[in-house]
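Now for the letters of each chain:
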Amino acid sequence: MSPELSSHIPFLQRRNFLRSLGAGFGALACDAMARPNEGIDPLLPMKARSPHFQAKAKSVIFLFMVGGPSQIDTFDHKPLLEKLDGKPVPESFRRALEGTKHANVFHGCDDHVMKSPFTFRQYGQSGMWVSELMPKTAEWVDELCFVHSMQADSNNHAPASYQMHTGDIRAGKASLGSWVTYGLGSESEDLPGYVVLFDAGPLGGAANYTNGFLPPAFQPTRFRSTLPPLFHLHPPTEFAQGQRQSLDLLSKLNGLHRSQRSLYNTDSPRDEADSHRAGQGSALEARIASYELAYRMQSSAMKVGDLDQEPAHIHSLYGLNDPESRTQSFSRKCLMARRLVESGVRFVQVYDMPDKDGWDAHAKLEENHRPRARWTDQGVAGLLHDLKQRGLLESTLVIWASEFGRTPMKQGELGRQHNAAGFTIWMAGGGVRAGIRLGATDEIGLMAIERPIQFRDLHATILSCLGLDYERLSFEVSGRDERLTGVAGSAKALTEILL
Amino acid sequence: MNLRLPLIPHQVHPMAIIASIVSLVTLLVLAAQNAIGNDDSSTTPPDTQKAPKTWDPERLELWSLQPISPATVKLAFSDATAQPTRSPTDEPIDLLLPSSLNASTAPISKGEFLQRLTLDLVGLRASYEEIEQFENDRSPQAYERQVDRLLQDPRFGEHWARMWLDVVRYSDSNGFDWDEFRKEAWRYRDFVVRSFNDDLPYDSFLLWQLAGDEIAGEAIARGYPKSTQELDQVLATGYLRLGPYDNAAKLFNEQDRARVEVLTDLTETTGAAFLGLTLSCCRCHDHKTDPLSQEDHYRFRAFFAATNFLDDLSIDIVSQDARPEGGSNNTDGEDAARLKIKGFVMSDRIDQIDTIHVLKQGDHRAPMQAVEPAFPEVLGISEPDQVPPMHGKTTGRRLALANWMTDPANPWTARVYVNRIWQQLFGVGIVSTPNDFGITGSKPVSVALLDHLALELIEHSWSTKWMVRKIVMSEAYRNQHLARSNANIRRLSAEQMRDVLLQVTGELNQRLGGPPVWPEVEPEVLQANPAVLDDNETKTKGWYPSPSSEQTVRSLYFVQKRTVRIPWMETFDLPENTVSCGRREGSIVPPQALAVMNSEWVTRSAQGVADRITKPKHEPDQESIADQRASTASEASRVRELYRQILSRNPTEQETTWCIEYLQCRSCAELALVLLNTNELAFIP
């Protein structure tokens, strides 16, 4: 035992002991959230909190393209590939990569370069090159900020995907959406603060969008883009009609139960320990309140989830009437994301993956990428357009990204291997500069050579847009101040692209 | 006497201090050595290449590094309190009671108390009849009898196993891309349940998990165990392969990373689970606050250097003493009665011992100096007693580690475990950070109390049941005002919540043990993990719902995948099952209310319990809610029946009035649902 304690316990003041207890013995369900230094109200953990500094973005829509769309077939134009098509990878590129931790990108593919089957052209004032895969998104390039030099620490889906979402290639850490709501709460009182929209999700599953070690109040809520939007939103019909009466009775019974447990005078606690204890008692009150909130959520979720409330021109803007059901499906999620953000939801995570393969084109790149681009292009463009016309783009950070890109080398039958050494993402709105590009890959799009950027830097940038100091936003786990950007403190926000 | 132990210099292992009779002179000499400034020249063994790390005194003062000492209990308390007759377990209760506790407030009732005890010991509720019987039992041993009854209940093991499974991040799957189902992992889970029920001493429990294969190497070599104990020793090693494993890594030439991750996970989990050590904090550099160096991390890791998945190895899981006499003893594997299983053994490959290097910044691509297995240097002993077992199948490394951990002089093992027991019974431990006994962790509310319990545990053969019994029999646990206080209100965990709802509606399937049950899950939840759509011939990737009759087993038996979480359970704050969870954290959020008010299975259960009450003598028929409402049977008696069934008590007059009023326009099933939603059911009294 510590000398301090062993020598002083006989003389310890009762009060001191009680105070130390306040953080120990008496703690319960809500205590995990009651970290006063974070200013989190244990009863209303999702209550909106001020950012560390003036924020540009209030909310985030993260469009995650599952499986690794190819950068050199979408936004990273490499004319040299035409010339090298079918030829071995020039020695200089190979050597440069083999000297890095990304050498394994060569593993499993041919040595031969495969040109892009898609044609590129320039768009907008900024003259950005975009392939024929994304003609509608291309119309918005002047609003986009491209980062061409992303790198991941694993060339496999789940680890890279975990890193994209949580900063760590191992599962178990907290996701971006949990961090953001932990830092800021949510503007919406009767909707969840962190929403995930799926058809199918990323490889590696739930560990991608989990709250991890953060308090469970910051876990994601699964939303549907069809009604009813939440699980268990309504009772079966025979229980539905009397729900209000049932809640009234429940409230009376719970009130009686609570009143029998008022051991402490909550109005005038005698010392700190008492007030802490009084706070604990409110676990019962919190649960009573949660039923009223749930009742309200039933109607607010139905309201926000009802896409039919949108006029026809909005439906067609997003592509809700497209003949292809997969386009409709993704478009509905994009529209839902806008409606959620408009209602004050802090973080909306959207997954595109309409089937088990996603963009993972190990073979037949063209047959994989063409339909996927078609299914997502209009939803993405519609979302940008709609946010812009409503004045929401300024306060909403939109991110389009995946866990990695693909190799310029051919794999199997006209496919491409994963590429964690250099790939492209883009952001728009919410505090990032529009119509610019940052970083570059080499001439064949194999490896980031100019301003290589790690996920932690991207995370630092996202948090900065939201007014959060990425070094300060931390949570103590087993003796360590965990941060989204890592414990080493080596992350740097991409200040060149911040407004 | 206000005796302060001197700081323990790194050259002297505190175990040595306890193990031998240490004279004050010795202590003073040691203290003097320390004061002179760690002049190592005379004490460092000549063959040590590098001088041991010196830590500043503040780090060495860390309470959990000091020997577990009975003297401190007396020092701390016997002088300080006016009631020397009370046992040390009872002392802190004075300190725990808040100054403004209003003793005139009604204390917790006898019935509520049994409810609390039942939930704490078996994780389920006491029935109306059990409470009635307890209330009528006026004998002084009434409470004790209940404690003993519950400790003998096989559901005790199920409930306490859940605690341990959290700590060892139990899962039935690999995690990562494919998250393949581990068909045999449940045998480890059943071993844990059995261990709690049979009260396997904690030192054996630990030893078997870390090195059961080293003890029972003959059984592995033989292909079958000779006794149920030998079988359990083999099954216990399931611990070693519970961690996530990226088995797709080799496709991308990242198998080295996957291997290092397995070892990292084993090192960190073992440190946290058994020792309260945050070894994860010294993987990339020396620990920022505790006296643990980066080398300590890798030396600890080296105990696992030969440990590998032995997927080709199969073992007969019917032990010899469980076999019928004669006939089935042949070992050629052709006996139909024998059950060979594969793919769960983790043991050593003695021909393939990894050289463990310190990794720069924890990066496996940046190895530095190689290290050998050793215990944290701050304890002063660096040479583990590493003797390869006779059977020659293993290195003896993990056995040495486990023996060191279960040595009564180890300052962490017993403390960490009694703290988990205390936490399970009070909601929060004596140390509120159960996986972190370091400087950044919480200080114990009372070191004396913790040490007292730790020594008692060791003295009583590391018996979990003995310790649980001691605590629930103590004044601290039984204090009525304290139990009644708001401070002790705890919401049920996800598993308890579901189990209790099934139990009180009479739906719970009380099956014990066996392969996991796969619940029905909304298709979109499965789609959200593409791996599940990639079903394969060996049936390890898909989702395979069990028959509906099995769907109502205790939540412990639900399949625990890493990438698919069961939404109803997830709402109630399931922890992440890829890393050790020392303590459940809870939230109270509206989706939980929706889950109990609206979900199909809860409403169906409410209907079921109402049907049994309103039509006890008939087969359930198609009688509508309207008919029920019109029924003229005594509403008061129905209300009473529902209260007894669901809340295990009679309603008060006030409650009866409200409920009868409600029944004027609503059904019995709806009333049942209201009761299922009450705080009374959701919190431990």
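Report on the accompanying structure. (Residues numbered from 1 in each chain as written. Chains lettered and ligands numbered in written order. Predicted model: local features only at pLDDT ≥ 70, side-chain atom pairs only at ≥ 80, totals over all residues.)

**Comments concerning helix α9 (residues 154-167) of chain B**
Spelled out, the test is: Note on conventions: DSSP H or I runs of at least 4 residues are helices, E runs of at least 2 residues are strands, and numbering of each starts at the N terminus. Take the number of residues in a helix, subtract one, and multiply by 1.5 Å to get its expected span. Neighbour density around each residue's C-beta defines its exposure: 20 or more other C-beta atoms within 10 Å make it buried, 12 or fewer make it exposed, and counts between make it partly exposed, where C-beta atoms are placed from the backbone.
Helix length check: α9 of chain B (14 residues) gives 21 Å between terminal C-alpha atoms against 20 Å at 1.5 Å per residue, within 8%. With 13 of its 14 residues buried, α9 of chain B lies for the most part within the structure.

**Here we look at the packing of helix α8 (residues 142-152) of chain B against helix α19 (residues 464-473) of chain B**
Residues and elements named next belong to chain B. Quick note on the threshold: Each axis is a line fitted through C-alpha atoms, taken for helices only over the stretch in contact, and angles between the N-to-C directions span 0 to 180 degrees. Roughly parallel means an angle under 35 degrees; roughly antiparallel means over 145; roughly perpendicular covers 65 to 115; every other angle is labelled oblique. Rotating anticlockwise by less than a right angle from the far helix to the near helix defines a left-handed crossing, while the corresponding clockwise rotation defines a right-handed one. Each residue is represented by a C-beta atom placed from its backbone, and any two residues with such atoms within 7 Å are regarded as in contact. Any residue outside Ala, Val, Leu, Ile, Met, Phe, Trp, Tyr, Cys, Pro, Asp, Glu, Lys and Arg is labelled polar, Gly included; the first ten of those are nonpolar and the last four are charged.
Put simply, α8 and α19 touch, their axes get as near as 11 Å, and they point 150° apart. Accordingly, the angle class assigned to the pair α8 and α19 is roughly antiparallel. The hand of the α8/α19 crossing is right-handed. Judged by residue contacts, E144, V147 and L151 of α8 engage K465, V468, R469, V472 and M473 from α19. Considering only residue class, the contact of α8 with α19 consists of 5 nonpolar, no polar and 3 charged.

**Overview of unusual backbone geometry**
In this structure, P228 of chain A follows L227 of chain A across a cis peptide bond, with omega equal to -10°. In this structure, P228 of chain A sits in the loop between β6 (221-223) and α8 (237-240). One non-glycine residue, F176 of chain B, lies in the positive phi region at around 60°. Along the polypeptide, F176 of chain B turns up in the loop between α9 and α10 (185-197).

**Let's talk about helix α14 (residues 455-465) of chain A**
Residues and elements named next belong to chain A. Counting buried positions along α14 yields 11 of 11 residues, so the element is predominantly enclosed. Its buried side turned inward, α14 meets β1 (59-64), α6 (157-166), α7 (176-184), β8 (396-401) and β15 (453-454). Directly beyond the C-terminal end of α14, a positive phi value near 80° is found at G467.

**Focus on the environment of A51 of chain B**
Residue and element names in this part refer to chain B. Structurally, the position occupied by A51 is in the loop between α2 (24-36) and α3 (57-60). In this structure A51 comes out as exposed when scored by C-beta crowding, with 10 C-beta atoms within 10 Å. It is 73 Å that separates the C-alpha atoms of A51 and L671, two residues lying 620 residues apart in sequence.

**What to know about the pairing of strand β10 (residues 415-419) of chain A**
All names here are of chain A. We count it as follows: In this description, strands pair whenever DSSP reports at least two bridges between them.
The element β10 is largely enclosed, with a buried count of 5 among its 5 residues. Looking at chain direction, strand β9 (residues 405-411) and β10 are connected through 4 bridges and run antiparallel. Bridge pairing in β10 links Q411 to G415. Linking two consecutive strands that pair antiparallel, namely β9 and β10, is a turn of 3 residues; a positive phi of about 50° is found at G412 within it.

Function cannot be read off these values alone, since they describe shape.
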